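Examination of the molecular architecture
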Amino acid sequence: IRKPSDPLDTCGLQTGKGTFLVSAENIVSPDEKTGFADTLLIHMDVTSNGDYTGMLYEKFGPIPVELPVSGTFLVSPNCSVSWDLNLVINGEPAKVGIRGVIFNQGKDIYGLSMEKDLYYSFLQGVRVSP
């Protein structure tokens, strides 16, 4: 997805390579009557093959959290993104599947979680370095 004045480019793994900052606001629902506000920032370095490592900084209700993250950040030719966020919570591995779209030749990203108990009200990010 590009502006008409931008050169024609095809999205792919090269579009997702670089350092990204991503923020999200979530509502986490452990049961039908309970919900928690959750805000997070992810700093991640994506390689040319789509693998990444980084850190997640989170405020889960009143609790601050800092966790290493890793996984895959794959960009398709149509500029859609398939992102697996792997982390360890209290010694247990967890994986969050995120789907979205990358804009502006890889400089901006928007996405949503695909997990049933984790709802992103808004996930956005920017590439801060190539």
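To be clear, the structure that these remarks concern was listed above.
The sections below set out a description of the structure shown in this document. (Residues numbered from 1 in each chain as written. Predicted model: local features only at pLDDT ≥ 70, side-chain atom pairs only at ≥ 80, totals over all residues. Heavy atoms only, no water.)

Observations regarding the nonpolar core
The nonpolar side chains of a soluble globular protein tend to be buried with one another. What counts is decided by this rule: We define a nonpolar core as any set of buried Ala, Val, Leu, Ile, Met, Phe, Trp, Tyr and Cys residues linked to one another through side-chain atoms lying within 4.5 Å. Exposure classes here rest on a 1.4 Å probe applied to the protein chains alone. A residue is buried below 20% of its type maximum, exposed above 50%, and partly exposed in between. The helix count covers DSSP runs of H or I at least four residues long, the strand count covers runs of E at least two residues long, and both are numbered beginning at the N terminus. By definition, residues are in contact when any of their heavy atoms lie within 4.5 Å.
Ranked by internal contacts, the top residues of the largest apolar core, which has 24 residues, are Ile 42, Phe 73, Trp 83, Leu 85 and Ile 102. Among the elements of the structure, β1 (18–31), β2 (34–46), β3 (51–60), β4 (63–75), β5 (80–89) and β6 (92–103) are those that each provide at least two residues to this core. When residues no more than four places from it in sequence are discounted, the contact partners of Ile 102 are Cys 11, Thr 15, Gly 16, Phe 20, Phe 73, Val 75, Cys 79, Val 81, Asp 108 and Ile 109.

Details of a nonpolar patch on the surface
Here is the rule we go by: Residues qualify for a patch when their relative accessible area is over 30% and they have no salt bridge, like charges being joined within 9 Å and the nonpolar side chains of Val, Leu, Ile, Met, Phe, Trp and Tyr within 5 Å. Residue burial considers only the protein chains on display, and all accessible areas are found by Shrake-Rupley using a 1.4 Å probe. Any carboxyl oxygen of Asp or Glu within 4 Å of a side-chain nitrogen of Lys or Arg constitutes a salt bridge here.
On the surface, a cluster of nonpolar side chains totalling about 380 Å² of accessible area is made up of Leu 21, Leu 41, Tyr 57, Val 126 and Val 128. Relative to the helices and strands, Val 126 is located in strand β8 (residues 118–129).

Comments concerning the state of the cysteines
Just so we agree on the cut-off: When the sulfur atoms of two cysteines come within 2.5 Å, that pair is taken as a disulfide.
Enumeration according to the criterion identifies 1 disulfide in this entry. Cys 11 shares a disulfide with Cys 79; S-S distance 1.8 Å. Taking the sign of the S-S torsion, 80° for the link of Cys 11 and Cys 79, the bridge is right-handed. A residue pair is termed long-range when its members are at least 10 positions apart, and Cys 11 in the segment before β1 and Cys 79 in the loop between β4 and β5 qualify at 68 residues.

Quick notes on the pairing of β2
Filter applied, for reference: Strand pairing follows a simple DSSP-based rule, namely that at least 2 bridges must link the two strands.
Here β1 runs beside β2; their pairing, made up of 12 bridges, is antiparallel. From the neighbouring strand, Leu 21 faces β2, where its bridge partner is His 43. Between β1 and β2, which pair antiparallel one after the other, the connecting turn spans 2 residues.

Let's talk about the packing of aromatic side chains
Operational definition: Between rings of Phe, Tyr and Trp, where Trp is taken as its six-membered ring, a pair exists when centres lie within 6.5 Å; planes separated by under 30 degrees are stacked, by over 60 edge-to-face, and by other angles tilted.
Inspection of the entire model under this criterion finds 4 aromatic pairs. Relative to Phe 73, the ring of Phe 20 lies with its centre 5.3 Å away and its plane at 45°, an arrangement referred to as tilted. Of this pair, Phe 20 sits in strand β1 while Phe 73 sits in strand β4, and the two are 53 residues apart along the sequence. Through successive ring pairs, a cluster of aromatic residues spans Phe 20, Tyr 52, Phe 73 and Trp 83.

Let's talk about the side chain of Asp 38
For the record, the criterion: Two residue types count as positive, namely Lys and Arg, and two as negative, namely Asp and Glu; His and chain ends fall outside the count.
Relative to the assigned elements, Asp 38 resides in strand β2. Summary of buried charges: Asp 38 has no salt-bridge partner, and the nearest side chain of opposite charge, Lys 59, is 10 Å away. Here Asp 38 is in contact with Ala 24, Glu 25, Asn 26, Val 28, Glu 58, Lys 59 and Phe 60, once residues within four sequence places are set aside.

Looking at the environment of Glu 58
Structurally, Glu 58 is set in strand β3. Glu 58 sits in the buried class, given a relative accessible area of 17%. Once the C-alpha coordinates of Glu 58 and Ser 23 are considered, the two residues, 35 residues apart in sequence, prove to be 9.6 Å apart. When neighbours within four sequence positions are excluded, Glu 58 is seen to be in contact with Asp 38, Thr 39, Leu 40, Ile 63, Pro 64 and Val 65.

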